[in-house]
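Fold and contact review
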Amino acid sequence: QHHATATWVAIEFFRAFGPDVGISLTPGANGRFEVYMDGEKIWDKKEEGNIYPDLSIVRKLKGVIKEKLDSLVAAD
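Residues numbered from 1 in each chain as written. Predicted model: local features only at pLDDT ≥ 70, side-chain atom pairs only at ≥ 80, totals over all residues. Heavy atoms only, no water.

Considerations on the pairing of strand β1 (residues 23-27)
Sheet topology note: the β1/strand β2 (residues 33-37) ladder contains five bridges and is antiparallel. If you follow Ser-24 over to β2, its bridge partner there is Tyr-36. Count of turn residues in the β1/β2 antiparallel hairpin: five residues, of which Asn-30 carries a positive phi of about 60 degrees. (Pairing = 2+ DSSP bridges. Helix = DSSP H or I, 4+ residues; strand = E, 2+ residues; numbered from the N terminus.)

This is the structure we're talking about:
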């Protein structure tokens, strides 16, 4: 399930932000699933009660990513 979830989450982020945002997903053994933006971990399945991201979590992560992008733009 984690690879299908990772694919879905990646598609959601790509649709929202395009290819220029440095987001990486790390699905792996033992149910590991982490989301990083520019090398900073912004979500970890194990730290979030061992649940896979659903639509509400993806919406929350999109908000976090947008805030980080806005702060990067403001810093330029």
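Things to note about unusual backbone geometry
Backbone geometry at Asp-38 places phi at a positive 50 degrees, although glycine is not the residue there. Structurally, the position occupied by Asp-38 is in the loop between β2 and β3 (40-44). Asp-38 sits in the exposed class, given a relative accessible area of 54%. In the Ramachandran plot, Asn-50 falls in the positive-phi region, its phi being about 65 degrees despite a non-glycine side chain. Within the secondary structure, Asn-50 sits in the loop between β3 and α2 (55-75). Judged by relative accessible area, Asn-50 falls into the partly exposed class, the value being 45%. (Buried < 20%, exposed > 50% of the residue type's maximum accessible area, 1.4 Å probe, protein only.)

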